[in-house]
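Here is what each chain is made of, one letter per residue.
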Amino acid sequence: YYQHVRATVAGTPDRPITIRAYPGELAILDGGLREFHDAPASAWEPCPGGAPGEFRSTKTYPNLGGGTDQTNVLGHFADSMVPLHGYKYLRDLRADHMYWKDDTRTQNGAIYCGPGIFYDTTSQRIHVRLAHTSLKGLGDDNYRGETDPRKVPLVIAGINSGPTLLLKNAKNVRIQDLVIRGARTHAVDVIDGRNIELDGLTIYGGQSAIHVKDSWGLRVAHTACRGIAAPWTFRGSLKYRAIEA
């Protein structure tokens, strides 16, 4: 389901409202941009003047991001749900090395942080580069997969799209047996909730998997929360080159 769900429903303690997958079926709530998953061959084109293996979106996405000095988009490989690096700076996406040097400790340097995406607020296009990683210390954890984004489905979401599932002023509600993904911010956001139960979920975070504010009676069980770090990701790459989840 390619949508952002906003639930403000209220059940009662003895008759809670349940939103769940049909038994035996896999239901996915995806807040991402559908074309990058369903039609990647037509969603990307080689980027003129870009780095080797760099592509850009074939169409523009107005107001997808919120600023020029932040990570505006996050994403995953759809087949494995391994995260893509959410680049804050285009120069990092285009860098030809992964080694930290003196100048890469500041914002003036550049370092390739692995397969990732970048949103250009000026051109309003999304850039992607799936170049292989090359650090000897990573061994088999280096990226060795497909480098052409037209051949692989991706889950990509922008910061202005908000959470995939928002429960606001919801009361006595159970969310069960769902996969929730496609968020740059919070995948699940619970605000002013009462007696909310999250059970049997797999949640792929943007900035966070679950965010809770001004709520009580929250229960989370049998739920997996996944972060934004790939096997080739370093803390410094997130802290200085993306976001700290």
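Residues numbered from 1 in each chain as written. Predicted model: local features only at pLDDT ≥ 70, side-chain atom pairs only at ≥ 80, totals over all residues. Heavy atoms only, no water.

(A) Main features of the sheet that holds strand β17 (residues 208–213). One open sheet accounts for 4 strands, arranged β1-β11-β14-β17; its pairing is parallel. This sheet does not close on itself; its edge strands, each paired only once, are β1 (5–7) and β17. Strand-to-strand twist of the sheet, defined as the mean angle between neighbouring strand axes without regard to direction, takes the value 10°. As paired strands, β1 and strand β11 (residues 165–168) are joined by 3 bridges and run parallel to one another. Within the sheet, the bridge partner assigned to Ala7 lies in β11 and is Leu167. (Pairing = 2+ DSSP bridges. Helix = DSSP H or I, 4+ residues; strand = E, 2+ residues; numbered from the N terminus. Axes fitted to C-alpha atoms, helices over the stretch in contact; angles between N-to-C directions.)

(B) Summary view of the pairing of strand β13 (residues 178–181). Across the two faces of β13 the burial is the same, with Leu178 and Ile180 and Val179 and Arg181 all buried. With 4 bridges joining them, strand β3 (residues 27–30) and β13 adopt parallel strand pairing. Looking across to β13, one finds that Leu29 is bridged to Ile180. Sheet topology places β13 next to strand β16 (residues 202–204); 2 bridges connect them, and they run parallel. Across the sheet, Val179 pairs through a bridge with Thr202, a residue of β16. (Buried < 20%, exposed > 50% of the residue type's maximum accessible area, 1.4 Å probe, protein only.)

(C) Representation of the pattern of salt bridges. Counting across every chain of the model gives 11 salt bridges. When the shortest N-O distance is used, the salt bridge between Arg94 and Glu54 registers 2.8 Å. One end of the pair, Arg94, is in the loop between α3 (90–93) and β8 (116–120); the other, Glu54, is in strand β5 (residues 54–57), with 40 residues separating them in the sequence. In this structure, a network of salt bridges that share partners links the residues Glu45, Arg56 and Arg125. (Salt bridge = Lys/Arg side-chain N within 4 Å of Asp/Glu carboxyl O.)

(D) View of the environment of Lys213. With respect to the element layout, Lys213 can be found in strand β17. In this structure Lys213 comes out as partly exposed when scored by relative accessible area, which is 45%. Between the C-alpha atoms of Lys213 and Asp189, which are 24 residues apart in sequence, the distance is 8.1 Å.

(E) Local environment of the nonpolar core. In this structure, Phe36, Trp44, Ile126, Leu154 and Ile156 are the most contacted members of the largest nonpolar core, which totals 33 residues. For this core, the secondary structure elements donating two or more residues are β6 (73–77), α3, β8, β9 (125–129) and β10 (154–158). Those residues within four positions of Leu154 in sequence are excluded, and the remaining contacts are Phe36, His37, Trp44, His76, Phe77, Ala78, Leu84 and Val128. By size, the runner-up hydrophobic cluster in this structure holds 21 residues, among which are Val5, Ala7, Ala27 and Val173. (Core = buried A, V, L, I, M, F, W, Y, C linked by side-chain atoms within 4.5 Å. Contact = heavy atoms within 4.5 Å.)

Purely geometric numbers; function is a separate question.
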